[in-house]
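Given next are the chains, with one letter for each unit.
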Amino acid sequence: MPFDQAFALSSVLLATMAFSGLVLAQSVPFWLALPMVIILMISALHAGGVHFIRRAIARVTVSPTMWNILLIGAFALLLIDLTVVSRDLLPAGIHFLVVLLAVKLLTLQQRRDYRHLYAISLMAILASAALTSDAWYVPIFLLYLITAVWTLLLYHMTQETGDTAVGHQTIPIRITRHFFWLTNGTVVLAIALTLAIFFLIPRMGAGVLQKTSGEALRATGFSDRVDLGTIGSVKQDPQIVMRVELPDQPAVDKDRLYLRGLAYDQYNGQSWTHSGTRRRSLSLVAEGTFLVRPAGSRSSNSLSGSVRQDIMLETLDTAVLFAAPFAELVSGEFLEMQADAMGGLRLPASPASRIRYSVISQAPQLAADERMASALDYPDAILAHYLQVPMASQHVADLARRVSIEATTPFERTLAIQQHLLKNYSYSLEADTATLSHPLDEFLFTRKTGYCEHYATAMVVMLRTVGIPARLVTGFLATEWNEYGGYFTVRQRDAHAWVEVYFPHSGWITMDPTPTVSTAISTSRWAPLTRFGESVRLQWDRLFVRYSVKDQLAVVHGVREGTDALRERVSRGVSLLSAPIGQTLSRLMHMVRTFHLGMLELITGVIVVGSALFLLMLRDRIALWATTHLPTSHPELAIVQLYARMLRMMERHGVRKSPAATASEFARLVEQEWKAAAPIVANVTALYHQGRFSQTPLTPGELSRAAEQVGQLQSFTHVVR
Amino acid sequence: MKHLPLNLRATPAVSFIRGMFRRRSIHFTPEGTRFLLFTLGIGLAAINTGNNLFYLLLAMMLSFIVISGLLSEHCLRRLEFHRHVPDLIMANEPTLLTLSVTNRNKHLPSFSLRLLDVVEGKDIDRGLAIHLLPPQSSVLLSYPLLATKRGWIRFEGIGAQTLFPFGLFRKIGRYSTEARLLVSPPIKPLTLRFVDELFSEGQGESLSRRGDGTQLYNLRLYHPGDDSRAIHWMTTARTSQLIVRETEAEDQRRITVILSVVAPEEGGPLFERSVTFVASLLWQLTERAYPVQLIVGSEDSGFGSGPAHLLAMLRLLALCERQWPEADGVGNDREHSPFNNEGERGYTVAVLPWSNQAAATNAVQADRVLNAAQLEELTHAF
């Protein structure tokens with residue numbers, strides 16, 4: 001492709017990439033995007049050399065005055081947009097940018113116009129960066145970078161070819177294979193450098209003007225009052241709410257994870273509420289780390305192992321934080337955190353943007369003695385709060401007694417009620433009970449279908465009627481494991497309600513009466529691809545969008561730890577290497593380590609420097625070997641390189657070839673100056689003559705002979721020295 | 001065993017260090033300035049907002065700047081320059097100089113090179129450009145040079161500038177290729193009347209010498225290589241030995257041109273014109289095969305003829321420098337007495353760009369003295 005054509009095409013592509021960024025950021029209305037797309041297509045066809053487009057455009061002549069009037073008109077539109085339509089600088093400015101881009105694309109004639117186009121494109125890609133933090137920005141940015149490198153190179157090269165200076169070596173007017181790969185190499189270098197600079201550049205931003213990541217998601221079921229049936233409205237919503245990583249846990253063991261939100265203790269027959277609204281501020285144990293005191297009584301011997309979770313929570317319209325039951329420590333960039341009496345975690349206000357926090361939780365396990373105990377001694381405070389049932393629950397109480405009549409212990413009664421619900425009721429999202437006066441009775445006795453809220457409410461009420469304290473918990477049940485990113489994807493449809501049953505020594509034990517529904521998770525053949533894309537998005541968000549000075553410090557610490565590990569490894573390697581030499585050296589090393597830690601580094605340094613010097617000494621041998629053995633695109637140059645090497649050796653010995661002397665004259669000079677080397681020089685000179693000036697190229701054998709002779713000369717010079 | 005010379009310059013380490021510290025200078029192009037302003041703007045926006053995507057764009061733009069530095073350095077590294085200059089050129093005569101440029105890089109070409117002559121610390125653009133120099137290849141460039149004044153031109157080196165790859169910065173690398181070029185005064189046409197007068201006056205100072213002609217100068221024994229047509233047969237028959245005849249040169253006049261280098265500052269332009277006049281006169285005399293001698297100040301070329309002798313005399317003229325007159329108004333080259341007509345100088349022409357009357361009368365003994373007024377008249381058209 002000719003340079004000029006490639007240049008015009010890459011310029012249009014650059015504008016296209018910038019415009020795509022704006023479109024994907026959903027900042028360009030359709031009425032503006034459509035003509036712009038048409039203009040881009042026409043410009044691309046024009047730049048691509050489509051004749052009828054070129055002819056058509058050549059016929060249309062618009063004077064510069066007209067374009068200037070158009071620009072003034074665009075500016076007037078900006079003012080109207082700013083004051084009447086958008087009433088916001090950013091959208092109005094973006095509309096103005098798009099109009100400018102269109103005008104410039106239609107008036108690309110002089111080099112100045114191209115420069116203006118690049119500046120507008122840069123502003124557009126900047127605007128799209130301001131508008132989004134989504135992962136689609138990755139391909140757009142990469143394509144923009146690639147196109148920018150090509151465009152800037154071609155801009156420069158076309159300027160050079162068009163230069164009127166006395167050129168003595170013309171550039172090929174078409175893109176050659178070499179130029180193509182050179183430019184692509186530059187692209188790779190640019191990407192590598194961009195990433196390096198991005199991660200290394202000091203973060204000084206306070207983020208005071210940082211834009212929030214869009215409108216907050218509406219979260220259902222996490223307010224102070226939850227009407228029965230409200231969760232059903234979101235059970236089809238696939239929007240992602242959070243991503244949960246389990247850094248310390250093997251991924252394969254995690255097929256489901258309960259993420260606790262809020263717990264409710266009062267049920268009035270239609271909705272659940274908290275009895276106590278008092279919240280306490282959590283105490284800080286370290287910078288950004290809060291200690292959550294265990295909610296309820298738990299004996300230390302009944303706790304299972306801790307579970308650490310790294311949670312990235314999308315912007316929700318609730319201040320509730322989610323974690324696996326029960327949170328012990330919470331770390332994040334929060335100034336304050338609160339907890340209610342039932343272990344629900346909250347921020348002082350709903351976060352304005354996506355947040356990231358880590359939680360260490362410890363889930364209680366039911367103690368064996370409580371599993372077998374026929375009666376449990378509940379504290380009065382628990383009985384006062386967690387045995388409340390609505391007035392009209394007699395049918396429910398009868399059902400509970402009937403179901404658990406054969407059970408002899410509270411735990412067996414609990415299991416019996418759970419099994420009853422699991423076996424005799426079917427899961428359905430169509431059971432809308434929000435408007436009913438007795439939704440629980442409707443679920444248990446009439447419809448016998450429902451979803452998590454109905455099951456959980458039924459179990460809590462039934463347990464309470466048989467004297468077992470229980471409460472309802474809302475949160476999310478994560479089941480969608482992303483094997484590419486190693487995390488759970490939690491969506492709106494994963495909103496869930498379950499039950500916590502109280503045991504005096506074990507504490508609150510999580511139980512779920514809702515049958516497992518596998519249809520919630522997509523099982524299409526595209527699911528792995530979707531999960532992969534999801535993982536890319538998470539990595540993008542973590543590595544780029546959320547990259548902060550803390551991450552930089554973490555990288556520095558990582559590098560330091562890596563260096564320490566490497567040093568340790570080197571030390572071990574040195575020990576291993578020194579073993580064959582003898583125990584003396586080992587003892588010495590031990591003494592060195594004992595008496596002076598710095599000596600270890602010194603010895604390592606000496607070995608490294610020694611190895612480097614050894615390689616330096618062998619460099620001539622290595623280079624000689626490489627000349628004859630490594631494949632090269634110019635095999636005929638091998639003898640020239642050997643001859644040049646020989647000249648350098650002779651020069652080191654004091655026999656210098658003057659520029660005016662021919663190779664034969666030099667050989668005669670060597671004969672006079674250094675007789676011992678004369679036969680070697682004569683042989684190499686003869687081969688040099690043959691290889692360089694005759695029509696018969698040297699055979700590999702002859703070349704090897706020449707290399708051998710030069711090697712001999714090298715040894716000879718070393719001996720003489 | 002031979003003792004090795006300690007040649008530090010040739011060691012690779014020293015070459016490497018020298019290469020590292022080779023002089024470079026960087027200037028912004030207008031595009032580069034705008035690019036930098038955009039970069040600063042995005043940097044401020046990134047710091048102000050803390051938006052990492054702004055940092056990403058900033059990193060991209062900074063990477064372009066770094067790449068510009070790396071690739072332009074690559075273009076300028078391992079370039080070798082060799083300048084080929086003639087021994088002597090004439091002022092105001094365009095002369096072709098050649099410059100050989102070699103890219104010693106093994107793999108990558110050099111792009112967009114523009115070469116500058118570094119003369120007396122200044123970069124002079126001769127319009128030399130190399131758009132593409134493949135690896136391990138050379139190119140021979142030539143360019144016209146018009147020297148405007150006589151004397152040495154000292155080429156200190158070559159400056160190679162490149163805008164590659166993005167045209168953001170103009171990086172200049174300087175390479176030492178010292179060379180000197182001697183510029184002689186220009187040759188101007190003289191008035192025919194003056195030249196004819198000069199030659200007719202000089203006839204009386206002629207001395208006989210062998211050369212081309214018809215009159216007998218001498219008879220001598222034949223030497224191998226002599227022209228057989230010159231054998232004098234009558235004498236040969238008489239003496240029984242091959243005798244050849246030598247002829248007397250028809251043009252036998254010897255001329256000495258004396259140039260006084262004493263002149264005050266205000267006489268500088270006339271002095272320069274006088275130097276040009278002498279050069280032109282010498283050229284005329286050489287054209288007519290006169291044995292000529294030039295005396296410039298205390299420098300003496302000796303007698304000679306032919307182009308080689310003319311070049312030697314032009315070198316003298318190229319390097320002669322004006323001297324200040326002494327306090328008594330007499331030239332300080334009096335003691336060397338080039339103006340005293342000693343020995344056989346033949347016809348003598350003295351060129352005095354400046355002299356007071358007394359000094360001229362006392363010091364100069366020449367057949368023809370050209371004083372300032374005459375020189376003004378003779379050189380007014382130069």
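Residues numbered from 1 in each chain as written. Chains lettered and ligands numbered in written order. Predicted model: local features only at pLDDT ≥ 70, side-chain atom pairs only at ≥ 80, totals over all residues.

Here we take up the overall build of chain A. Looking only at helices and strands, chain A features 23 helices and 22 strands. The burial tally for chain A puts 34% of its 721 residues in the buried class. Across chain A, the fraction of contacts at a sequence separation of at least 24, relative to all contacts at a separation of at least 6, is 76%. (Helix = DSSP H or I, 4+ residues; strand = E, 2+ residues; numbered from the N terminus. Buried ≥ 20, exposed ≤ 12 C-beta atoms within 10 Å, placed from the backbone. Contact = placed C-beta atoms within 7 Å.)

Helix and strand content of chain B: 9 helices and 16 strands. Buried positions account for 35% of the 382 residues belonging to chain B.

Turning our attention to the sheet that holds strand S7 (residues 137–145) of chain B. Where strands meet in a sheet, backbone hydrogen bonds hold them as pairs that are either parallel or antiparallel. Residue and element names in this part refer to chain B. Taken in spatial order, the 3 strands make up an open sheet running S2-S4-S7, and their pairing is antiparallel. In the strand order of this sheet, the two ends are held by strand S2 (79–84) and S7, each with one partner. Ignoring strand direction, the axes of neighbouring strands in this sheet form an average angle of 20°. With 9 bridges joining them, strand S4 (residues 95–103) and S7 adopt antiparallel strand pairing. (Pairing = 2+ DSSP bridges. Axes fitted to C-alpha atoms, helices over the stretch in contact; angles between N-to-C directions.)

Membership of the largest hydrophobic core comes to 93 residues, with the highest contact counts inside it found for Val98(A), Leu101(A), Ala124(A) and Leu57(B). Beyond its immediate stretch of four places on either side in the chain, Leu57(B) contacts Ile125(A), Leu126(A), Ala129(A) and Ile42(B). With 76 residues, the next largest nonpolar core counts Val244(A), Val307(A), Leu421(A) and Tyr425(A) among its residues. (Core = buried A, V, L, I, M, F, W, Y, C linked by C-beta atoms within 7 Å.)

Next up on the list: the packing of helix H4 (residues 64–85) of chain A against helix H5 (residues 89–106) of chain A. Residues and elements named next belong to chain A. Contact pair H4 / H5: the axes reach a minimum separation of 9 Å and the direction vectors enclose 165°. Put simply, H4 runs roughly antiparallel to H5. Like other packed secondary-structure pairs, H4 and H5 cross with a definite hand, here right-handed. When H4 is examined against H5, the residues Trp67, Leu70, Leu71, Ala74, Leu77, Leu78, Asp81 and Leu82 are found in contact with a partner set consisting of Leu89, Ala92, His95, Phe96, Val99, Leu100 and Val103. Split into classes, the residues belonging to the contact of H4 with H5 amount to 13 nonpolar, 1 polar and 1 charged. (Parallel < 35°, antiparallel > 145°, perpendicular 65-115°, else oblique. Left-handed = near helix turned anticlockwise from the far one by under 90°. Nonpolar A, V, L, I, M, F, W, Y, C, P; charged D, E, K, R; others polar.)

Residue and element names in this part refer to chain B. Overall, the prediction assigns chain B a mean pLDDT of 82, with 81% of residues at 70 or greater. Confidence drops under a pLDDT of 50 for residues 1–10, and excluding neighbours within four residues, the segment shows 9 contacts in the predicted structure. Throughout residues 333–341 the model reports pLDDT below 50, and contacts reaching past four residues in sequence, or to other chains, amount to 22 contacts. Scoring the predicted complex yields pTM 0.61 and, for the interface, ipTM 0.70. (pLDDT = per-residue confidence, 0-100.)

This paragraph deals with unusual backbone geometry. In the segment running from Pro325(A) into Phe326(A), the intervening peptide bond is cis, with an omega of -10°. In the segment running from Phe164(B) into Pro165(B), the intervening peptide bond is cis, with an omega of 5°. As for its position among the elements, Pro165(B) is in the loop between strand S8 (151–162) and strand S9 (169–184). Positive phi, normally seen in glycine, also occurs at Gln136(B), with a value near 55°.

Let us now look at helix H20 (residues 638–652) of chain A. All names here are of chain A. Taking 1.5 Å per residue, 15 residues should reach 21 Å; H20 reaches 21 Å between its end C-alpha atoms and fits that length. Along H20, the residues that are buried comprise Ala638, Ile639, Leu642, Tyr643, Arg645, Met646, Met649 and Met650. Down the axis of H20, the buried side of the element spans an arc of 160°, and every buried residue falls inside it. (Expected span 1.5 Å × (residues − 1). Arc of directions from axis to C-beta.)

Okay, the sheet that holds strand S13 (residues 338–340) of chain A next. Residues and elements named next belong to chain A. Strand order across the open sheet formed by 4 strands is S7-S13-S14-S11, with antiparallel pairing between neighbours. Strands with a single pairing partner mark the edges of an open sheet, and in this sheet they are strand S7 (279–281) and strand S11 (320–321). Sheet topology places S7 next to S13; 3 bridges connect them, and they run antiparallel. The residue of S13 that forms the bridge with Ser281 is Gln338.

The next thing to look at is the packing of helix H21 (residues 663–673) of chain A against helix H22 (residues 678–693) of chain A. Residue and element names in this part refer to chain A. Across the interface, H21 lies against H22 with an axial gap of 9 Å and an inter-helix angle of 175°. In terms of orientation, H21 and H22 fall into the roughly antiparallel class. Contacts between H21 and H22 pair Ala663, Ser664, Ala667, Val670 and Glu671 from the former with Ala678, Val681, Ala682, Thr685, Tyr688 and His689 from the latter. Partitioning the contact of H21 with H22 into residue classes produces 7 nonpolar, 3 polar and 1 charged.

Let's shift gears to the environment of Met462(A). All names here are of chain A. Inspection of the secondary structure puts Met462 in helix H14 (residues 452–465). With 63 residues separating them in the primary sequence, Met462 and Leu399 have C-alpha atoms 7.7 Å apart. Ignoring sequence-local partners within four residues, the contact set of Met462 consists of Val396, Leu399, Ala400 and Ile417.

Residue and element names in this part refer to chain B. Counting through the fold element by element, Arg315 comes out in helix H7 (residues 307–319). C-beta crowding within 10 Å serves as the criterion here: with 16 such atoms nearby, Arg315 is assigned to the partly exposed category. Excluding residues within four positions of it along the chain, Arg315 makes contact with Leu88, Leu182 and Ser184.

A few words now on the confidence of the model for chain A. All names here are of chain A. On average, residues of chain A score 81 in pLDDT, and 86% of them reach the 70 mark or higher. Here residues 207–213 is a poorly scored stretch, pLDDT under 50, and it has 15 contacts once near neighbours within four places are set aside; other chains count. Throughout residues 295–301 the model reports pLDDT below 50, and contacts reaching past four residues in sequence, or to other chains, amount to 14 contacts.

Residue and element names in this part refer to chain B. Counting buried residues along strand S5 (residues 110–119), 8 of its 10 residues qualify, which places the element largely inside the surrounding structure. Strand direction decides the pairing type here: S5 and strand S6 (residues 122–133), joined by 9 bridges, are antiparallel. Following the sheet pairing, Val118 is matched in S6 by Asp123. Connecting S5 to the next strand, S6, in antiparallel fashion are 2 residues, including Glu120 with a positive phi near 50°. Bridge count between S5 and S8: 7 bridges; the pairing is antiparallel.

Moving on to the pairing of S4(B). Summarising the sheet, S2(B) and S4(B) pair through 6 bridges and their orientation is antiparallel. Paired with Leu79(B) across the bridge in S4(B) is Asn103(B).

Residues and elements named next belong to chain A. Of the positions making up H21, those classed as buried are Phe666, Ala667 and Val670. In an axial view of H21, the angular spread of the buried residues amounts to 105°, which keeps them on one side of the axis. Away from its buried face, by an angle of more than 90 degrees, H21 presents the exposed residues Ser664 and Gln672. Of the surrounding elements, those touching the buried residues of H21 are H20 and H22.

All names here are of chain A. Within the element layout of this structure, Pro351 appears in the loop between strand S14 (345–346) and strand S15 (355–364). In this structure Pro351 comes out as buried when scored by C-beta crowding, with 20 C-beta atoms within 10 Å. As for Pro351 and Thr318, which are separated by 33 residues in sequence, their C-alpha atoms are 8.0 Å apart.

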